Amino acid sequence: MSEIAQRTGLALSTTHRVVRELADWGALERAEDGSWHVGLWLWEIASGCPRTQILRDVALPFMQDLYEATHENIQLAVREGTELVFVERIAGHRSVELVTMVGARFPVGSTGMGRVLLAHAPRDIQEAVLDAPLQAWTAHTLTDPKALRAQLDRIRREQVIVSDRQLSETTVAVAAPVRIGRTGPVSAALGIVIAARGAGRARGLREPLLRAASGISEELGRRTRATA
């Protein structure tokens, strides 16, 4: 409770009242150790978001097939402004541990999936990211705007990126765009995350990833045409 008050700038008495009201409504839940978390009711409301619901429904079978073919972490993300939001993930018990989770947000320039989304974002979003300081998450993170601009050009040409230890020292990601139809706008990014020690496998994952992303894109296009 005191941490919430500190981070919101509210008086402790006000924080206590607001948190209790949110808990009564179901937006917050209290754990046994006294900490507060997002409540089930709030999750239920968020799950109904049409922007991600259709995308997840369409993508999940392809993600499952991709997982069966690779047994690695499979992730799906969308862009909101200059951030990326992870909306779905499949992970196996032998997959490398991730620093990301469903619902997590990261600067769009920090991850392989984010850079795929950035490469296809409107010009003003690209310039806003490139003009701002780029955060270094590891010693390998690309923070030079000129180099990042060149990487975005390569992503647009090749439709795939191998992101080597950009967000974590222990992971390498391969990411590709998901479109609405074969040639429609980019709606999301699909990624495979593997252990850095197995980075040599990354290039071999390009083709199965692109096939899965293409399948999701075609089905999204079909769904969009059917509801038009």
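Residues numbered from 1 in each chain as written. Predicted model: local features only at pLDDT ≥ 70, side-chain atom pairs only at ≥ 80, totals over all residues. Heavy atoms only, no water.

Caption draft 1: Local environment of the packing of aromatic side chains. All told, the structure shown has two aromatic pairs when counted by the stated rule. Plain terms: the ring middles of Phe-86 and Phe-106 are 6.1 Å apart, the flat faces sit at 80 degrees to each other, and that makes the pair edge-to-face. Of this pair, Phe-86 sits in strand E4 (residues 83-90) while Phe-106 is found in strand E5 (residues 105-107), placing the two residues 20 residues apart along the sequence. Considered together, Phe-86 and Phe-106 belong to a single accessibility category, that of buried residues. Here the aromatic residues Phe-86, Phe-106 and Trp-137 are joined through ring pairs into a cluster of three or more. (Phe/Tyr/Trp six-rings, centres within 6.5 Å; stacked < 30°, edge-to-face > 60°. Helix = DSSP H or I, 4+ residues; strand = E, 2+ residues; numbered from the N terminus. Buried < 20%, exposed > 50% of the residue type's maximum accessible area, 1.4 Å probe, protein only.)

Caption draft 2: A look at the pattern of salt bridges. Following the criterion strictly, the structure yields 14 salt bridges and no others. Residue Glu-218 pairs with Arg-182 through a salt bridge whose shortest N-O separation is 2.9 Å. Of the two residues, Glu-218 sits in helix H8 (residues 206-227) while Arg-182 sits in the loop between strand E7 (171-179) and strand E8 (186-195), which places them 36 residues apart along the sequence. With its nearest N and O atoms 2.6 Å apart, the salt bridge here joins Arg-222 to Glu-219. (Salt bridge = Lys/Arg side-chain N within 4 Å of Asp/Glu carboxyl O.)

Caption draft 3: Summary view of the pairing of E8. Among the ten residues in E8, eight count as buried, and that is most of the element. Across five bridges, strand E3 (residues 73-80) lies against E8 in antiparallel orientation. In the sheet register, Gln-75 faces E8, and the bridge partner there is Gly-191. Across nine bridges, E7 lies against E8 in antiparallel orientation. (Pairing = 2+ DSSP bridges.)

Caption draft 4: Just the layout of surface pockets, in detail. By volume, the second largest pocket is sized at about 280 Å³. Met-1, Glu-3, Ile-4, Arg-7, Thr-8, Leu-28, Gly-34, Ser-35, Trp-36, His-37 and Val-38 are the residues that line the second largest pocket. Residue assignment for the lining of the second largest pocket shows that the elements contributing at least two residues are helix H1 (2-8) and strand E2 (36-38). If you tally residues by element for the lining of the second largest pocket, the top one is H1, at four residues. (1 Å grid on protein atoms, 1.4 Å probe; cavity = no way out; pocket = protein on both sides within 12 Å on 5 of 7 lines; lining within 4 Å. Points joined across faces, edges and corners; volume = space filled by probe spheres on them.)

Caption draft 5: A look at a nonpolar patch on the surface. Taken together, Leu-22, Trp-25, Val-38, Trp-41 and Leu-42 make up a surface patch of nonpolar side chains, about 480 Å² in accessible area. Mapped by element, the contributors of at least two residues to the nonpolar patch are helix H2 (12-25) and helix H3 (40-47). Within the fold, Trp-25 resides in helix H2. (Patch = residues over 30% accessible without salt bridge, like charges linked within 9 Å, V, L, I, M, F, W, Y side chains within 5 Å. Areas by Shrake-Rupley, 256 points an atom, 1.4 Å probe, with all protein chains shown as cover.)

Caption draft 6: Inspection of empty space enclosed by the protein at higher detail. Applying the stated criterion to the full structure yields one cavity of 30 Å³ or more. Approximately 170 Å³ is the volume found for the largest cavity. Residue lining of the largest cavity: 18 residues in total, with Thr-111, Leu-167, Thr-171, Ala-173 and Val-193 positioned closest to the centre. At the level of elements, helix H5 (112-119) and E7 are the ones that each hand at least two residues to the lining of the largest cavity. Classifying every residue of the lining of the largest cavity gives eight nonpolar, eight polar and two charged. (Nonpolar A, V, L, I, M, F, W, Y, C, P; charged D, E, K, R; others polar.)

Caption draft 7: Here's a closer look at the side chain of Thr-141. Within the secondary structure, Thr-141 is located in the loop between helix H6 (123-131) and helix H7 (145-158). For Thr-141, a relative accessible area of 9% puts it in the buried group. Of the polar contacts made by the side chain of Thr-141, one reaches the backbone nitrogen of Trp-137; its length is 3.1 Å. Once residues within four sequence positions are removed from consideration, Thr-141 is found in contact with Arg-115, Gln-135, Ala-136, Arg-165 and Gln-166. (Polar contact = N/O pair within 3.5 Å; in protein donor to acceptor, adjacent residues only side chain to side chain. Contact = heavy atoms within 4.5 Å.)

Caption draft 8: Representation of H5. Buried residues dominate H5, accounting for eight of its eight residues. By the burial criterion, the buried members of H5 are Gly-112, Met-113, Gly-114, Arg-115, Val-116, Leu-117, Leu-118 and Ala-119.

Caption draft 9: Summary view of the sheet that holds E3. Read from one edge of the open sheet, six strands run E5-E4-E3-E8-E7-E6, paired in antiparallel fashion. Each edge of the open sheet carries a strand with a single partner, namely E5 and strand E6 (161-164). Each adjacent strand pair in this sheet contributes to an overall mean axis angle of 30 degrees, direction not counted. Bridging between E6 and E7 involves four bridges; their strand directions are antiparallel. (Axes fitted to C-alpha atoms, helices over the stretch in contact; angles between N-to-C directions.)

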